[in-house]
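Here's the letter readout for the chains.
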Amino acid sequence: MKQNTKRLVESALLIAMGTVLSLFPFSGPWVLGGGITICSMLPLVLLSYRYGMKWGVFSAVIYAVLQMLLGFQNVQYAQTVMQAVAIILFDYIVAFGVIGLAPIFDRFTTSRVKSLALGVPFVMLLRFACHFYTGVVIWEALWPNELGWAAPVWSLAYNASYMLPELVITTAAAVVLYRPLSRWFDEFRK
């Protein structure tokens, strides 16, 4: 019972940290728009490494629901029920839910640092794929880009402009923080 309470409290705190970090995007010199957050995905990565992929995916989906509620105007742009469902699934639930899969490389390596160095970029690329898909299928249909680019090119350029820096920052932070947090990371490792 004590372990379950500890896991719930830690998860709530880390999900809250990620949510707060997501509220302060750095809108840099991106020509196409978008913005990066400073490690808003890192708390989800930490949860998945600490408690496993199942709990990590569950926690990431909770985070996704919070993100969707905070950004609900995106869902309201949908012109059909199918567009709304696609936005909910691929811009929120699946896109953030895959972050919980970060420790997938634990099975293939004995080094947690290597697992982080492979797992974090892998799940961030999965998240990118979700946003790329909605960019091509949904957002281009709702608002054709003003540059006249083909939908896949536009979606690739727009989503990569903020997801690539996010991937690099989150991966670097996870790897750097592993050593000082290794005891916390590995407490529940089986």
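Before going into details, it helps to say that this report is about the structure given with it. (Residues numbered from 1 in each chain as written. Predicted model: local features only at pLDDT ≥ 70, side-chain atom pairs only at ≥ 80, totals over all residues. Heavy atoms only, no water.)

The next thing to look at is the overall build of the chain. Broken down by element type, the chain carries seven helices and zero strands. Mapped in sequence order, the helices and strands of the chain form the string α-α-α-α-α-α-α. Relative to its length of 190 residues, the chain is compact, with a C-alpha radius of gyration of 17 Å against a globular reference of 16 Å. When the backbone C-alpha atoms are referred to their principal axes, the chain occupies close to 50 × 30 × 30 Å. A buried classification covers 46% of the 190 residues belonging to the chain. Once local pairs closer than 6 in sequence are excluded, the contacts in the chain between residues at least 24 apart make up 74%. Working note: accessible area of the chain is about 10000 Å², and carbon and sulfur atoms make up 72% of it. Positive and negative side-chain charges of the chain, numbering 13 and 8 respectively, have mean locations separated by a distance of 16 Å. (Helix = DSSP H or I, 4+ residues; strand = E, 2+ residues; numbered from the N terminus. Rg over C-alpha atoms; globule rule 2.2 N^0.38 Å. Buried < 20%, exposed > 50% of the residue type's maximum accessible area, 1.4 Å probe, protein only. Contact = heavy atoms within 4.5 Å. Areas by Shrake-Rupley, 256 points an atom, 1.4 Å probe, with all protein chains shown as cover. Lys, Arg positive; Asp, Glu negative; His and termini not counted. Charge placed at Lys NZ, Arg CZ, Asp CG, Glu CD.)

Evaluation of the coordinates by the stated rule reveals nine aromatic pairs. Residues Phe105 and Phe122 carry aromatic rings whose centres are separated by 5.6 Å and whose planes lie at 85 degrees to one another, so their mutual orientation is edge-to-face. With Phe105 in the loop between α5 (81-97) and α6 (112-142) and Phe122 in helix α6, this residue pair connects regions lying 17 residues apart in the sequence. Ring-pair connections join several aromatic residues into one group, and the members of that group are Phe105, Phe108 and Phe122. Arg7 extends its terminal NZ or CZ atom over the ring of Trp55, reaching a point 4.0 Å from the ring centre. (Phe/Tyr/Trp six-rings, centres within 6.5 Å; stacked < 30°, edge-to-face > 60°. Lys NZ or Arg CZ within 6 Å of the ring centre and 35° of its normal.)

Position of Arg127 among the secondary structure elements: in helix α6. For Arg127, a relative accessible area of 9% corresponds to the buried category. When the C-alpha positions of Arg127 and Leu167 are compared, they lie 10.0 Å apart, and in sequence the two are 40 residues distant. Excluding residues that lie within four positions of it along the chain, Arg127 makes contacts with Met41, Ala95, Phe96, Val98, Ile99, Tyr162, Met163 and Glu166.

What follows concerns the pattern of salt bridges. Within the structure shown, the criterion is met by two salt bridges. Glu10 serves as the salt-bridge partner of Arg50, at 2.7 Å between the closest nitrogen and oxygen. Separated by 40 residues along the polypeptide, Arg50 in helix α2 (residues 42-51) and Glu10 in helix α1 (residues 2-22) bring together distant segments of the chain. We note that Arg50, like Glu10, is buried. (Salt bridge = Lys/Arg side-chain N within 4 Å of Asp/Glu carboxyl O.)

A cluster of nonpolar residues, Phe58, Ile62, Val65, Leu66 and Leu69, forms a patch on the protein surface that exposes about 420 Å² of accessible area. Relative to the elements of secondary structure, Leu66 occurs in helix α3 (residues 53-70). (Patch = residues over 30% accessible without salt bridge, like charges linked within 9 Å, V, L, I, M, F, W, Y side chains within 5 Å.)

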